[in-house]
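Take a look at the letters that make up each chain.
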Amino acid sequence: MLLEVDGVTKIYKKGVKANDGISLSVGRGEVFGLLGPNGAGKTTLVSQILGLTVPTSGTIRIDGIDVVRKPSVARQSCSYQPQAGVPIDGLTPMQAIELSGRLHGGARSDVRARAKQLIGALALEEWEHKAITLSGGVMRLVSFCMAAVVPGRIVILDEPTNDIDPLRRKMLWQEVRKVADAGSAVLLVTHNVLEAERCVDRLAIIDGGRVVGSGTPAALKSDTADWLHLELVLEPGSSEPELPSFLRRPATAGRRMIGEVSGSALPEAIAWATTMRKRGVVEEFSIGPATLVDVYVRHVTANGSHD
Amino acid sequence: MTDSLRACKLLFIWQFHRFKRFLPMIVVIQVALAFGIVYGLAFLIPHIDSTTALYLATGAPTVALLLMGLTVVPQEVSQGKLTGRFEYLSALPIPRLATLATDVFFWLAAQLPGTALALIVAAMRFHFGLRIGWTIVPTILLVAFSGASVGYGIAMLLQPQVSMQLTSFISIGILLFSPINFPMERLPSALQAIHRVLPVKYMGDLVRWSLSGKATGSIGVAFAVVAGWCALGLLTSYRLATRRR
């Protein structure tokens, strides 16, 4: 494996535990998702891999080299899109992408050609040569290009799709896949479970600084294979209805309730949800195949944490 | 070495694009400031003789170089910490002090034309001769990097709000209580003792000697003290830049 994280723990001076025995590995050509609620310890892990934060214990290896001891190897190996984006005030997107590529060691002509290609692939031509304040989404796409123009052996993308319109989001996922196909290991930090389900090869769910579930999306969903996903949106102001016995692993977030229903209980579940809607308790409901959201919610709520 | 120079060149281009909108304004301010200082001196000391004028006019570049390191450099670090720029640059595969070196060279380039002009105008106005020696180049670099490493260290260690207060405090100390613009004998003996150890007085001596050929102390000692402090400052900056959370 190209990136191997083994038993990484970080305890800050005041006793705050940012992560706790995290182990995971990412191979060449793989898109690996790091999912978890706010404050789960994802960004700390990224900072440790980049060599900016030193773990209290545990090892991080890139291509077999201990980067906790040699942080310069981490910087040489990684390209990084920070969550907040990269401030590029005064620069045009083209200038920023070119500079980033050359700072990562790329030759001028190669970098320019690749920058052009990325700008085209993400439909950013409109802003290519404009040194103006960019919208959040465009700035994030430019930050992605800055990480992908001369990709490291490991490409770390922290929430790359936030604020991005659905069309460009699709284009972005295609480019992420291309970066992996070209041989990089892509570590993708995200809150967006549904998107991750479609785009990652494997993933780890992190909560409270620990890995609470990991594997391929299909493997993680395996024990929900014969179950369906029920989602209810409660009417504003109405209280939570009494839950029927056929509803497995119910969870509530605001007005939204989700749970799992077995195939055999489907008619019963539809009848119950319809009655709830007629009574004005439920605004709308849907039933479909189980998704990674169910797995995510189960792991995170079992760990006693909420986003 | 080639990689370091390449990284600095690219970061310099980045800085140029960031500030190019403001460069005309910066240059105009520097030039205005240059004339202002010369004519301001004449108001401050009505019957200024050419020796005093030389002291003041050659002290001004030292103060300007130190203030650059103590104000612009920490401001860049503090602001970068808030915007995320600092974190991004820290993760790049470039030498740890490349950003500091780039900041010093960039602001030197922006500042030096104004400073040089002030000096020429002062020499003409107060009738003293300039004799610029080759030592001006290492002197400028030593003074600029010494000041910058102090500013950098403070900004790395402290929260932005506190670091701005502290660097302002040090700047005022340098402006008022350092024997750059006046002979050291005018200071109380306690301050004289401090300034025999600190590099500020020696910086003033070096700059004056490099610009006028007039030695106001042992130049060898001055070089040794300033180089020693500069090395210590850069070493500390390096330690802070490679420090991990």
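Residues numbered from 1 in each chain as written. Chains lettered and ligands numbered in written order. Predicted model: local features only at pLDDT ≥ 70, side-chain atom pairs only at ≥ 80, totals over all residues. Heavy atoms only, no water.

### Examining the overall build of chain A
Alright, step 1. Helix and strand counts for chain A come out as ten helices and 14 strands.
Alright, step 2. Radius of gyration (C-alpha) of chain A: 22 Å, near the 19 Å computed for a compact globule of 307 residues.
Alright, step 3. For the C-alpha atoms alone, the extent of chain A along its principal axes is close to 65 × 45 × 35 Å.
Alright, step 4. When each of the 307 residues of chain A is scored for burial, the buried share is 55%.
Alright, step 5. A sequence separation of at least 24 residues applies to 69% of the contacts in chain A between residues at least 6 apart.
Alright, step 6. About 13,100 Å² of surface is accessible on chain A, with carbon and sulfur atoms providing 51% of the total.
Alright, step 7. Taking the average place of the 35 positive charges on the side chains of chain A and the average place of its 34 negative ones, the gap between the two points comes to 6 Å. (Helix = DSSP H or I, 4+ residues; strand = E, 2+ residues; numbered from the N terminus. Rg over C-alpha atoms; globule rule 2.2 N^0.38 Å. Buried < 20%, exposed > 50% of the residue type's maximum accessible area, 1.4 Å probe, protein only. Contact = heavy atoms within 4.5 Å. Areas by Shrake-Rupley, 256 points an atom, 1.4 Å probe, with all protein chains shown as cover. Lys, Arg positive; Asp, Glu negative; His and termini not counted. Charge placed at Lys NZ, Arg CZ, Asp CG, Glu CD.)

### Focus: the pattern of salt bridges
Residue and element names in this part refer to chain B.
Alright, step 1. A complete count under the given rule lists 20 salt bridges over all chains for this structure.
Alright, step 2. Between E87 and R245 there is a salt bridge; the shortest N-O distance is 3.7 Å. Separated by 158 residues along the polypeptide, E87 in helix 4 (residues 85-90) and R245 in the segment after helix 10 (219-242) bring together distant segments of the chain.
Alright, step 3. Between D205 and K201 there is a salt bridge, and its shortest N-O distance comes to 2.7 Å. With a gap of four residues between them, D205 and K201 both fall in helix 9 (residues 200-212), about one helical turn apart. (Salt bridge = Lys/Arg side-chain N within 4 Å of Asp/Glu carboxyl O.)

### Some details on helix 1 (residues 42-49) of chain A
Residues and elements named next belong to chain A.
Alright, step 1. Counted residue by residue, helix 1 has seven buried out of eight residues, so it is predominantly covered.
Alright, step 2. All of the buried residues along helix 1 are K42, T44, L45, V46, S47, Q48 and I49.
Alright, step 3. With its phi angle positive at about 85 degrees, G51 sits one or two positions after the end of helix 1.

### Structural notes on the side chain of E195 of chain A
Alright, step 1. Tracing the backbone through its elements, the reader meets E195 of chain A in helix 7 (residues 193-199).
Alright, step 2. With a relative accessible area of 6%, E195 of chain A lands in the buried category.

### Quick notes on the sheet that holds strand 14 (residues 282-289) of chain A
Residues and elements named next belong to chain A.
Alright, step 1. Spatial ordering of the open sheet is given by 12-13-11-14, a layout of four strands whose pairing is antiparallel. Edge strands, defined here as strands with exactly one partner in the open sheet, are strand 12 (248-253) and strand 14. Along the sheet, successive strands turn relative to each other by an average axial angle of 20 degrees, direction set aside.
Alright, step 2. As paired strands, strand 11 (residues 227-234) and strand 14 are joined by seven bridges and run antiparallel to one another. What sits directly across from L228, in strand 14, is P289.
Alright, step 3. Strand contacts of helix 9 (residues 266-278): strand 11, strand 13 (256-262) and strand 14, with the helix running at about 160 degrees to strand 14, the strand carrying the most contacts. (Pairing = 2+ DSSP bridges. Axes fitted to C-alpha atoms, helices over the stretch in contact; angles between N-to-C directions.)

### Details of unusual backbone geometry
Alright, step 1. Positive phi values are uncommon outside glycine, yet R249 of chain A reaches one of about 50 degrees.
Alright, step 2. Along the chain, the position of R249 of chain A falls in strand 12.
Alright, step 3. Since its relative accessible area comes to 32%, R249 of chain A is described here as partly exposed.
Alright, step 4. Even without a glycine there, the phi angle at H127 of chain B is positive, about 55 degrees.
Alright, step 5. Inspection of the secondary structure assignment puts H127 of chain B in the loop between helix 5 (98-126) and helix 6 (136-157).
Alright, step 6. In this structure H127 of chain B comes out as exposed when scored by relative accessible area, which is 66%.

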